[in-house]
Amino acid sequence: SKELTVELFNIMNAINEGNKSAWDIARAYKRIIDDELFDEDFENVQEFALYVGVSKSTISQYIKAVEFVDKHEFGFDMFTVGSAYLLSTLTDEEFIDFVKWAEEQEIDLTTMSVKALRNLIKEYDSKDDVEEEVIEDSTDDSNESDDVEEEVTVSDRDSAIALIKSLMEEYNITVEDIE
């Protein structure tokens, strides 16, 4: 469909712009799934996910991150997609308690890497179990990537570009129509 082609075009542009556009990718996946834009060209979400080169769970994580930010009325610049997804795994009550606990510890959740946030959530979850001194994690998290953001290879891009071009041709869509 034309709408699917437009959203895939938006995803491709976001991928080419780099990590700063992860939210554009997440919002596009959410629209594709919520509006069932894939259903004319694919049997189900799994088939669509395989075709665009991501897992169904990755698409689900992107969607949950967007829903979390929308629900709590945060700006999309407040958290990374990966961080928002991690926070979305907490219940509303757990999230409120976690934020209060982090504030008491003088921890700024918005500046944390995904790995650091994951570790902090684990620490928070175990705080009532053990009242011992917390051992700091001294590992370098610079090699840790966000679970949600997958590396896009050249062949993935080529496949995605070919898909978008073929859909644009099939539906007689030009770049000007999208912009």
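Heads up: the structure comes first, above all this text.
These numbers were taken from a predicted model, which means no experiment stands behind them.

A. Spotlight on the packing of helix α2 (residues 22–34) against helix α3 (residues 45–52). In contact at an axis separation of 11 Å, α2 and α3 are set at 145 degrees when each is read in the N-to-C sense. Classified by chirality, the crossing of α3 by α2 is right-handed. Residues Y29, I32 and I33 of α2 lie in contact with α3, whose contacting residues are V45, F48 and V52.

B. Geometry of the environment of A84. Its place among the elements puts A84 in helix α5 (residues 81–88). Put simply, A84 and Y62 are 22 residues apart on the chain and 9.0 Å apart in space, counted from C-alpha to C-alpha. Leave out the neighbours within four places in its chain, and A84 touches W23, A65, F68, V69 and F79.

C. Structural view of the packing of aromatic side chains. The full count for this structure, using the stated rule, is 14 aromatic pairs. On the basis of an interplanar angle of 70 degrees and a centroid distance of 6.2 Å, the ring pair of F74 and F95 is categorised as edge-to-face. Of this pair, F74 sits in the loop between α4 (56–72) and α5 while F95 sits in helix α6 (residues 92–104), placing them 21 residues apart in sequence. What makes F95 buried here is its relative accessible area of 7%. Following the ring pairs from residue to residue traces out a cluster consisting of Y29, F38, F42, F48, Y51 and Y62. Over the face of the ring belonging to F76 we find R27, whose NZ or CZ atom lies 4.4 Å from the ring centre.

D. Highlighting the pattern of salt bridges. On inspection of all chains with the given rule, the structure shows 6 salt bridges. As a salt-bridge pair, E7 and R31 come within 2.7 Å of each other at their nearest N and O atoms. Of the two residues, E7 sits in helix α1 (residues 2–17) while R31 sits in helix α2, which places them 24 residues apart along the sequence. Taking the relative accessible area as the measure of exposure, R31 reaches 32% and is therefore partly exposed.

E. Molecular detail of the nonpolar core. Y29, I32, F48, L87 and F98 are the most contacted members of the largest nonpolar core, which has 45 residues in total. Of all elements in the fold, only α1, α2, α3, α4, α5, α6 and α7 (114–126) reach the threshold of two or more residues within this core. With residues up to four places along the chain from it excluded, the contact list for Y29 reads I11, F48, V52, V54, I59, Y62 and I63.

F. Main features of α5. Summarising burial for α5: 7 of the 8 residues are buried, a large majority. Looking at α5, one finds that the buried residues are V81, G82, S83, A84, Y85, L86 and L87. In this structure, the buried residues of α5 make contact with α2, α4, α6 and α7.

Conventions adopted
For every chain, the first residue of the written sequence is number 1, and numbering continues from 1 along that sequence. Reporting of local features is limited, given that this is a predicted model, to residues whose pLDDT is at least 70; pairs of side-chain atoms are given and counted only at 80 or more, and all residues count toward the totals for whole chains, interfaces and linings. Remark: hydrogens and water are excluded; side-chain values derive from all non-hydrogen atoms of the structure. For helices, the fitted line uses only the C-alpha atoms of the stretch in contact; every axis is such a line through C-alpha atoms, and the angle between N-to-C directions lies from 0 to 180 degrees. Each helix is a run of H or I in the DSSP string that is no shorter than four residues. Each strand is a run of E no shorter than two, and both are numbered from the N terminus. Handedness of a crossing is defined here by the sense of rotation of the near helix relative to the far one, left-handed for an anticlockwise turn of less than a right angle and right-handed for a clockwise turn. Here a residue-residue contact requires only that any non-hydrogen atoms of the pair lie within 4.5 Å. Side-chain rings of Phe, Tyr and Trp (the six-membered ring for Trp) are treated as a pair once their centres are within 6.5 Å; stacked means planes under 30 degrees apart, edge-to-face means over 60, and tilted covers the remaining angles. Burial classes follow relative accessibility: with a 1.4 Å probe on protein chains only, a residue under 20% of its type's maximum area counts as buried, one over 50% as exposed, and anything between as partly exposed. Put simply, a charge is over a ring when the Lys NZ or the Arg CZ is close to the ring centre, within 6 Å, and near the line of the ring normal, within 35 degrees. Salt bridges are identified by distance alone: a Lys or Arg side-chain nitrogen within 4 Å of an Asp or Glu carboxyl oxygen. Buried Ala, Val, Leu, Ile, Met, Phe, Trp, Tyr and Cys residues form a nonpolar core when they are joined through side-chain atoms within 4.5 Å.

Honestly, it's all geometry; don't read function into it.
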